[in-house]
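Now for the letters of each chain:
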Amino acid sequence: MSAIHFDPKQRLFLVKMRTSYYAFRILEDGQVVHCGSGSLPGVVETDALLSGLNVYEDPNYIWESQSRRYEIPAFGDVSYHDIGLKVAFPQPAVPPAVHEAANLPVRDVRPRYVSHEIRTDEKPWLAPAHGLPVRKTAPRETLCVRLKDATCDFGVTLFYRITPEHDIIERWLELENNTPVEVAVESLVFGTVHLPNGRYEVTRAAGCWGREFVPVRQNLEQGRMILDQQGLNTGHAGNPFYLLNARGNATETAGDVWFGALAYSGNWSLRFEALPTEAVRVHGGYELSDFSLSLAPGATHRTPAFVHGCSGEGWGGASRSMHRFIREYVLPHSAELRPVLYNSWEATYFDITLENQTALARTAASVGVELFCMDDGWFGGRRHDCAGLGDWTVSESVFSGGLKPLIDEVKRLGMKFGLWVEPEMINPDSDLYRAHPDWVLHFPGRPRTESRNQLVLDFGRPEVVEHIFTVLNRLVADHPIDFFKWDMNRYASEPGSVAGKAIWRKHVEGVYSIYDRLRKAHPGLDIQSCSGGGGRVDIGMLGRADQVWTSDNTDAYDRVFIQDGFSLAYPPRVMESWVTHEKNHQTGRIASLDLRFDVAMRGALGIGLAFSDLSAEELDACRCKIAFYKKIRPVVQEGDLYRLSFGPDHGGVSIWEIVLPDASRAVYSIAVIHHLQGIHRAPARLKALAPAAIYAITDERGAEIGRYSGFQLMTLGMPGDTVFGGAGQSIRSRTLLLERMK
Ligand code: GLA
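Residues numbered from 1 in each chain as written. Predicted model: local features only at pLDDT ≥ 70, side-chain atom pairs only at ≥ 80, totals over all residues. Heavy atoms only, no water.

Brief notes about the layout of surface pockets
Spelled out, the test is: In this analysis, the protein atoms alone were mapped onto a 1 Å grid. Cavities are point sets where a 1.4 Å probe fits without being able to get out; pockets are open sets with protein on both sides within 12 Å along at least five of seven lines; lining residues have an atom within 4 Å of a point. Grid points are joined across faces, edges and corners, and a volume is the space filled by probe spheres set on the points. Each residue gets one label: Ala, Val, Leu, Ile, Met, Phe, Trp, Tyr, Cys and Pro are nonpolar, Asp, Glu, Lys and Arg are charged, and the others, such as Gly, are polar. Segments assigned H or I by DSSP are reported as helices when at least four residues long, segments assigned E as strands when at least two residues long, and all are numbered from the N terminus.
There is about 390 Å³ of room inside the largest pocket. Lining the largest pocket are 22 residues, with W209, R452, N489, G532 and D552 sitting closest to its centre. For the lining of the largest pocket, the class distribution of residues is 8 nonpolar, 6 polar and 8 charged. If you tally residues by element for the lining of the second largest pocket, the top one is helix α2 (residues 314-330), at 3 residues. For the lining of the second largest pocket, the class distribution of residues is 9 nonpolar, 3 polar and 6 charged.

Here we look at the sheet that holds strand β30 (residues 604-607)
Let me state the cut-off plainly: Strand pairing follows a simple DSSP-based rule, namely that at least 2 bridges must link the two strands. To get an axis, a line is fitted to the C-alpha atoms, and for a helix only the part in contact is used. The angle between two axes follows their N-to-C directions and goes from 0 to 180 degrees. Residue contacts follow a heavy-atom distance rule, with two residues in contact if any of their heavy atoms lie within 4.5 Å.
One closed barrel holds the 8 strands; their spatial order is β21-β22-β23-β26-β27-β28-β29-β30, and the pairing between them is parallel. Across the sheet, the mean angle separating the axes of adjacent strands is 30 degrees when strand polarity is ignored. By the bridge criterion, 2 bridges tie strand β28 (residues 547-549) to strand β29 (residues 575-579) in an arrangement that is parallel. Within β29, the position partnered with V548 by the bridge is M575. The sheet strands contacting helix α5 (residues 404-412) are β22 (371-374) and β23 (416-421), and the helix crosses β23 at an angle near 140 degrees.

Observations regarding the sheet that holds strand β34 (residues 694-698)
Read across the sheet, 6 strands follow the order β31-β32-β33-β36-β34-β35 without closing on themselves; strand pairing throughout is antiparallel. In this open sheet, the two edge strands, each paired with only one partner strand, are β31 (640-645) and β35 (704-709). Along the sheet, successive strands turn relative to each other by an average axial angle of 20 degrees, direction set aside. Sheet strands touched by helix α10 (residues 556-566): β31, β32 (653-659) and β33 (665-672). Its angle to β32, the strand with the most contacts, is close to 45 degrees. Set on the sheet, helix α11 (residues 593-600) makes contact with β33 and β36 (733-740); between it and β36 the angle comes to about 50 degrees.

Brief notes about the site of the ligand
The cut-off we apply is this: When we say a residue is near a molecule or strand, we mean one of its heavy atoms is within 4 Å of it. In protein, a polar contact requires one atom able to donate a hydrogen and another able to accept it; more generally it is a pair of N or O atoms within 3.5 Å, and residues adjacent in sequence count only if both atoms are side-chain atoms. Exposure was quantified through the Shrake-Rupley algorithm and a 1.4 Å probe, taking into account, for residues, occlusion by the shown protein chains and nothing else. Molecules are considered to sit inside a cavity or pocket once more than half of their atoms lie within 2 Å of its grid points.
For the ligand, the set of nearby residues contains 13 residues, the closest of which are D375, D376, R452, K485 and D552. At 3.0 Å, a side-chain N or O of W420 approaches an oxygen atom of the ligand. A distance of 2.9 Å is found between an oxygen atom of the ligand and a side-chain nitrogen or oxygen belonging to D487. Relative to its unbound accessible area of 310 Å², the ligand is 96% covered by the protein chains. Taking a 2 Å distance to the grid points as the criterion, the majority of the atoms of the ligand fall inside the largest pocket.

Some thoughts on the domain arrangement of the protein chain
Keep this limit in mind: Per the annotation, domain bounds derive from an automatic or database assignment of domains.
Segmentation of the protein chain into domains returns domain 1 (4-126 + 140-330) and domain 2 (645-740). Put simply, the middle of domain 1 and the middle of domain 2, counted by C-alpha atoms, are 40 Å apart.

Details of the side chain of Q10
Test applied: Between buried and exposed lies partly exposed: a residue is buried under 20% and exposed over 50% of the maximum accessible area for its type, with that area taken using a 1.4 Å probe on protein chains only.
Take Q10: it is sitting in the loop between β1 (4-7) and β2 (12-16). The exposure class assigned to Q10 is buried, which follows from its relative accessible area of 15%. Polar contacts involving the side chain of Q10 include one to the side chain of D7, which spans 2.4 Å. Of the polar contacts made by the side chain of Q10, one reaches the backbone oxygen of L50; its length is 2.8 Å. Those residues in contact with Q10 that sit more than four places away from it in its chain are R25, L50, S51 and N54.

A few points about unusual backbone geometry
Omega for the bond connecting L104 with P105 falls within 30 degrees of zero, at -5 degrees, which places this linkage in the cis form. Mapped onto the secondary structure, P105 falls in the loop between β5 (85-88) and β6 (111-120). Even without glycine at this site, R11 takes up a positive phi of about 50 degrees. Secondary-structure assignment places R11 in the loop between β1 and β2. Non-glycine residue A663 carries a positive phi angle of around 65 degrees. Mapping A663 onto the fold places it in the loop between β32 and β33. Under the relative-accessibility criterion, A663 is labelled buried at 9%.

Description of α10
The buried count for α10 comes to 8 of 11 residues, which makes it a mostly enclosed element. Looking only at α10, the buried set comprises A556, R559, V560, I562, Q563, D564, G565 and F566. The backbone nitrogen of Y557 has a side-chain oxygen 2.7 Å away, supplied by the residue at the start of α10, namely D555.

What follows is the structure, given as structure tokens:
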């Protein structure tokens, strides 16, 4: 049954999803205005919904049309507020009088309804597109609403692709210049989302390198709040997602939460507007500081997608909708579980030798690692971060016999082999730069500012993109490489390119095209997206990468907060988390092996230990914990996440429960970062279990610690984590498996 309904009498569109709706209509003059969105109050007949949605006076009409809820608010008509589309026409449709020439270009666009249709499997530009199977292949409906400027032949089509079972709409726009002259698009969103008028709070990620995804919850006050990134990647200081709710009206478990995320890894912006009328809207699209888009006659531009929806189950429900959507429709290969990875970075840094990598690989295999990834330092003159980037050939001085002996050994040990690359970058001290000093972003006669001693390749040049594809493709063709860690370690500055200002989009296009071509040519190749930690995590990238590096900060205490924030939008299975040294290399803090594992096991487990520092007992402990992770992995990576205690909100106690959709198994993970003496915290009440079923609860050693009914666990809570007394009695962290008894 179609999720998209149209009532021709009222000229009203209704998208009815599993638990939420979205509606808009066409006014007399052809303008398209939003009617409402939110969770459905129980089971509602479509006809009932259709008949009642257009009877309300739009509360914003009192301010003329200035704050009407246009599906695409354009710079034209009466427009006093932020807009989603601005176009400059050098010539008006009717030739101007001589004395009017100075008033050009015409910065006025008025999109009016022309027609609509429902298509199947229509895709946004740069859609998540790895070319590999996704979990769900069922066709999806897309509503396309074609608009045209009131006087010029300039088309704007609004797209709404519906995933009803997860209450998700993907929005994007297509512009079509059918005028006889080139036009300049000066501002462009992928979509604008309107909320019911009111006072809202927003939950989002903030931070910096080493502190990515730290959740912030703040009131939206009258005015604008802009989240954006200008560095050419998704960024560390913010991430293109949000959760919005009427103030005081949502919790982790209840209340309407309107959420959104951009499927784009370049310069993005989310602009939140709270108007004087208390109308609230979010414009999600390109970042505008150096934005430019020219459309020649006949040219079109299709934007990436703005993914959004509404959950009636609070912040937790909003996260689960996004997680399920990403697992089922975005990620490649998603039927496979992510392997336990070893990464050499924190063990050997740039001091790579065949001997030390072989030794690491042998111990890694002996404790149960499944994928061995050699990090930076294996190529060209890359013995430190001052040289070699760009020269993607195996370093003779490190591997005199090439990579074969190491890879053979890794494979003999039964593991997959992975390699670190940073394809978009170049050290000036490299053969590539000496051969092609023009292949970098720069302005003539101006300084080329280095960051981490590197410059950014100009992906506006097709020959550069082709070169990078060729060298990476050759690496995989010449070696049995199963995995790339694709890094990106600086933001772009001085963006001079042969592509002009379009470089901001061209770069992303180039990166995506290399990912897509590599994956097509090597369907067995997996890719991790990394950008100095979690600087390139978004739905556009997740449509190409299998997993992401969450943060360079591997301190388990900090990671609890980082991972809690990450989980607001992204699912555990993509969240690579490593167990590293007892004394953390980033913060110098000491953490027990238990805490380090308990925190890392919440995602795609990785190990970054220097094994030579470990005693035989510690290695045994690693072996035991990795075996336990493999047991709980299907639940961690495929289950639904319930944040029973959200670290930042709950004094530093973070409790995750991840449950399989059929309630047959669940994982319970607690990490207590901070607990004040004398407080007796109530046991966490679990969610989504089968009330009448009995669950056996086991720890990492397989010891059964009790059997309880789903009802007990969901009402009285998880026994044993109640009281925090003196040091000896306190539980700092633990991970448990719950299995339903037959
Ligand atoms: C970045 C990554 C690290 C590591 C280094 C190597 O910082 O985030 O994990 O790969 O680069 O130079």
